[in-house]
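One-letter residues, chain by chain:
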Amino acid sequence: MLIRDVTEADWPHIWPFLRDICRAGETFTYPLDITGRQGRDYWLLSAPGRTVVAVDASGRVLGTAKMNPNQKGNGAHISSASFMVDPAHAGRGVGRALCTEALAWAAREGYHGMQFNAVVESNKAAVALYTSLGFRVLGTVPGGFRHPELGPVGLHVMYREL
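Residues numbered from 1 in each chain as written. Predicted model: local features only at pLDDT ≥ 70, side-chain atom pairs only at ≥ 80, totals over all residues. Heavy atoms only, no water.

**Q** How would you explain the packing of aromatic side chains if you had to name every residue and give the values?
**A** Here the structure, examined in full by the defined rule, presents 10 aromatic pairs. Ring geometry for F28 versus W43: centroids 6.4 Å apart, planes at 70°, classification edge-to-face. With F28 in the loop between α1 (11–24) and α2 (36–43) and W43 in helix α2, this residue pair connects regions lying 15 residues apart in the sequence. For F28, a relative accessible area of 16% translates into the label buried. Three or more aromatic residues joined by ring pairs make a cluster, and in this case those are F28, Y30, Y42 and W43. (Phe/Tyr/Trp six-rings, centres within 6.5 Å; stacked < 30°, edge-to-face > 60°. Helix = DSSP H or I, 4+ residues; strand = E, 2+ residues; numbered from the N terminus. Buried < 20%, exposed > 50% of the residue type's maximum accessible area, 1.4 Å probe, protein only.)

**Q** Tell me about the environment of P48, and please be specific about residues and values.
**A** Structurally, the position occupied by P48 is in the loop between α2 and β2 (50–55). The class of P48 is exposed, set by a relative accessible area of 55%. Residue contacts for P48: discarding those within four places in its chain leaves P69, W105 and Y111. (Contact = heavy atoms within 4.5 Å.)

**Q** Now, about the UniProt feature "domain: N-acetyltransferase" (unreviewed entry) in the protein chain: what can you tell me, with residues and values included?
**A** UniProt annotation of "domain: N-acetyltransferase" (unreviewed entry) refers to residues 1–162 when read in the numbering used here. A distance of 25 Å separates the end C-alpha atoms of residues 1–162, which is 28% helix and 36% strand. (UniProt positions renumbered as here; feature names shortened; annotations may be inferred.)

**Q** Can you break down the sheet that holds strand β5 (residues 113–120) residue by residue, with the values?
**A** Judged by pairing direction, the sheet is mixed, and its 7 strands sit side by side in the order β1-β2-β3-β4-β5-β7-β6 without closing on themselves. Each having just a single partner strand, β1 (2–5) and β6 (136–147) make up the two edges of the open sheet. Ignoring strand direction, the axes of neighbouring strands in this sheet form an average angle of 25°. Relative to β5, strand β4 (residues 78–85) runs parallel, the two being bridged by 2 bridges. Note on β5: the bridge partner recorded for I78 is G113. Relative to strand β3 (residues 61–69), α2 is tilted by about 60°, and along the sheet it contacts β2, β3 and β4. The strands touched by helix α3 (residues 94–108) are β1, β2, β3, β4, β5 and β7 (151–161); relative to β4, the strand with the most contacts, the crossing angle is about 160°. (Pairing = 2+ DSSP bridges. Axes fitted to C-alpha atoms, helices over the stretch in contact; angles between N-to-C directions.)

**Q** Break down the pattern of salt bridges for me, citing the residues and quoting the values.
**A** In a structure, side chains of opposite charge can pair up when their charged atoms sit close to one another. Per the counting criterion, the structure on display carries 8 salt bridges. Salt-bridge contacts for R19 lead to D20; the nearest nitrogen and oxygen are separated by 3.1 Å. A salt bridge links E101 to R108, with the shortest nitrogen-to-oxygen separation between them at 3.6 Å. Connected through shared salt-bridge partners, D5, R50, E101 and R108 make up one network. (Salt bridge = Lys/Arg side-chain N within 4 Å of Asp/Glu carboxyl O.)

If you want it as structure tokens, here you go:
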């Protein structure tokens, strides 16, 4: 697996799984009826942010990550990141590789920590992955996410120092 900066040619490969993940409404706070333009604007970042893709030996996009300052101004020393793995490639370490790359990027860029603002409590795989990489839950917004099957579930704020 190779992780590299995204190119315009990658978007048509990212969009189908990004759209499907958003429309499922189980893990992201993006609109359920997200459009391609909205998705592109949300996901493909310019500096100081960065968007990457994980690709296999044939160049097929397996997943993607975006990383950026968590806040502006006096909060810009803390980074954030988001990850999406094509469900067809889940369980193969793509998410771990993308998160590891985001942490390395943030450290290289001089950030002091990484904060995730809205990790859906019922997304057990993501919570377990982030915890295994040193993140801890700082707090949970009770019922902060309307899960389509489970109803209101918590949204974790997770953090790790760099």
